[in-house]
Amino acid sequence: MKSKKIWLAVVICIIGMLLGGCGMEENVQINSNLSSKINDKIYVTKWEEAEIEKELVNMGYGSFEAAMKTMGYKYEGKVKRNGVEHNMYQSSRKFSAKDTKSLFVVLNKKQAVMDVAGITKALEDELGELGGASLGSMADFSFQIKYPFQVYKTNGKLLKDKYTVQYSLKTLHSAERIYAVSSKKYADNKKCIFSGVKNKAYYRNNKKVKVESEGVITSFKVNQEVQPENVYTAKKEGTYSLKVKLLSGSSKTLKFTIDKTKPTVSVKARDYKGKVTIKFQDKLSGVKKATLNGKSIKNGKSVSKKGSYVLKVTDKAGNVKTVKFSIK
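Attention here is on the structure that accompanies the text. Computed from a prediction, not measured in an experiment: that's the story for all the values here.

### Describing the overall build of the protein chain
Counting its secondary structure elements, the protein chain contains seven helices and 28 strands. Here the protein chain holds 328 residues, and the buried ones make up 41% of them.

Quick look at the structure:
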């Protein structure tokens, strides 16, 4: 827990200093078995390091170098960037295939898709606390991934080896997802499948929706909100509008409704005298059928004959309202 707090403190400080020109690089190498190695480099001038250290001291932490060491960064010496001397700190970490795949929406030997909307939002929130700056203000940050396949198409900058893609802060700021794909076959794929729900259907339980495609899913939104995964669980009542966009340019939409509430009726479980008018409604999914003593009735049906009655009203989601009453 302590190291996590130090990490957050340093990140906040570094984000602030990025506005002044220090630099960060992250290089990810994904192996053929989908395990990976991530190498991070942070470059700070002597002045920037002193300023960050002041903030760390104010937050109750130690020196900059000690904080970096706690996070797994090692001081590697001095280097010149754009003619200015910087101190370089480096961290190298290895991840299993399972952990590497958890960093991506999709990762296999054909394509890789990573959600960046959540990352950029978190950074924008931090920057907002530092005076309302935007990611566009931060010029010196690079993020490189070497994929286990030769890249056919990407929204980053493909390097000469044809396997490595560089993503800039500008790319991260403008994209919902970053991607790389191995061939035209997958880049041009237009087929997309939803599973778990049907279009225009009604349900009375939570529903898990999954979207799949051999193509590259560059966007998945539910009620216009960006989703970090290709899976979504609907829990609250209401209508859900799903929209998927593929790299090929095709898109697919689907709507469904969750209704957990029984229909409402005008009669109550009691004895009545004289004529009874039966009214019913269901605001979310609508009424599918209504029966009185087993026979279908329409909304506004009136009964006056003495006897016992059982009213059943079923909505389109399957919720059933049952009321027993009598006319004396």
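Now that the structure has been shown, we can carry on.
### Details of the sheet that holds strand 5 (residues 106-107)
The sheet built from four strands is open, its strands ordered 5-6-11-8 with antiparallel pairing. With partners counted over all chains shown, the strands left at the sheet margins are strand 5 and strand 8 (153-154), one partner each. Note that strand 5 and strand 6 (residues 111-115) share two bridges and pair antiparallel. Residue Val106 lies in a different strand from strand 6, and its bridge partner there is Val113.

### Some words on the sheet that holds strand 18 (residues 238-246)
Strand pairing in a sheet relies on backbone hydrogen bonds. The paired strands run either parallel or antiparallel. Spatial strand order, 13-19-18-15-16: five strands in an open sheet with mixed pairing. Each edge of the sheet is formed by a strand with only one pairing partner; in this case those strands are strand 13 (201-203) and strand 16 (225-226). For strand 13 and strand 19 (residues 251-258), the ladder comprises three bridges, and the chain directions are parallel. Paired with Tyr203 across the strands is Ile258, a residue of strand 19.

### Thoughts on a positive patch on the surface
On the surface, a cluster of positive charge is contributed by Lys288, Lys289, Lys312 and Lys324. With respect to the element layout, Lys324 can be found in strand 28 (residues 320-327).

### Some words on the pairing of strand 1 (residues 23-30)
The side chains of a regular strand alternate, residue by residue, between the two faces of the sheet. Here strand 1 runs beside strand 2 (residues 36-44); their pairing, made up of eight bridges, is antiparallel. Across the sheet, residue Gln29 finds its bridge partner in strand 2, namely Lys37.

### Here's the deal with helix 2 (residues 46-58)
Taking 1.5 Å of rise per residue, 13 residues should cover 18 Å, and helix 2 covers 19 Å from first to last C-alpha, within 8% of that figure. All of the buried residues along helix 2 are Glu48, Glu49, Ile52 and Leu56. Looking straight down helix 2, one finds its buried side chains confined to an arc of 95°; they lie on one side. For helix 2, the exposed residues set more than 90 degrees away from the buried face come down to Lys46, Trp47, Val57 and Asn58. Trailing helix 2 by a residue or two, Gly60 shows a phi angle of about 95°, which is positive.

### With respect to the nonpolar core
Across soluble globular proteins, nonpolar side chains show a tendency to be buried alongside one another. The biggest cluster of nonpolar side chains holds 20 residues, and the ones touching the most others in it are Ile30, Phe104, Ile145, Tyr147, Tyr167 and Ile178. Secondary-structure elements contributing two or more residues to this core are strand 1, strand 6, strand 7 (141-146), strand 10 (164-168) and strand 11 (177-181). Among the nonpolar cores identified, the runner-up in size contains 18 residues, and Tyr203, Val209, Val222 and Ala234 belong to it.

### Description of unusual backbone geometry
Notably, Leu34 is not glycine yet its phi reads approximately 75°, a positive angle. Its identity is not glycine, yet Asn223 carries a phi of approximately 50°, on the positive side. Along the chain, the position of Asn223 falls in the loop between strand 15 (217-222) and strand 16. Asn223 gets classed as partly exposed once you look at its relative accessible area, which sits at 37%.

Rules and cut-offs
- Residues numbered from 1 in each chain as written.
- Predicted model: local features only at pLDDT ≥ 70, side-chain atom pairs only at ≥ 80, totals over all residues.
- Heavy atoms only, no water.
- Helix = DSSP H or I, 4+ residues; strand = E, 2+ residues; numbered from the N terminus.
- Buried < 20%, exposed > 50% of the residue type's maximum accessible area, 1.4 Å probe, protein only.
- Pairing = 2+ DSSP bridges.
- Patch = residues over 30% accessible without salt bridge, like charges linked within 9 Å, V, L, I, M, F, W, Y side chains within 5 Å.
- Areas by Shrake-Rupley, 256 points an atom, 1.4 Å probe, with all protein chains shown as cover.
- Salt bridge = Lys/Arg side-chain N within 4 Å of Asp/Glu carboxyl O.
- Lys, Arg positive; Asp, Glu negative; His and termini not counted.
- Charge placed at Lys NZ, Arg CZ, Asp CG, Glu CD.
- Expected span 1.5 Å × (residues − 1).
- Arc of directions from axis to C-beta.
- Core = buried A, V, L, I, M, F, W, Y, C linked by side-chain atoms within 4.5 Å.

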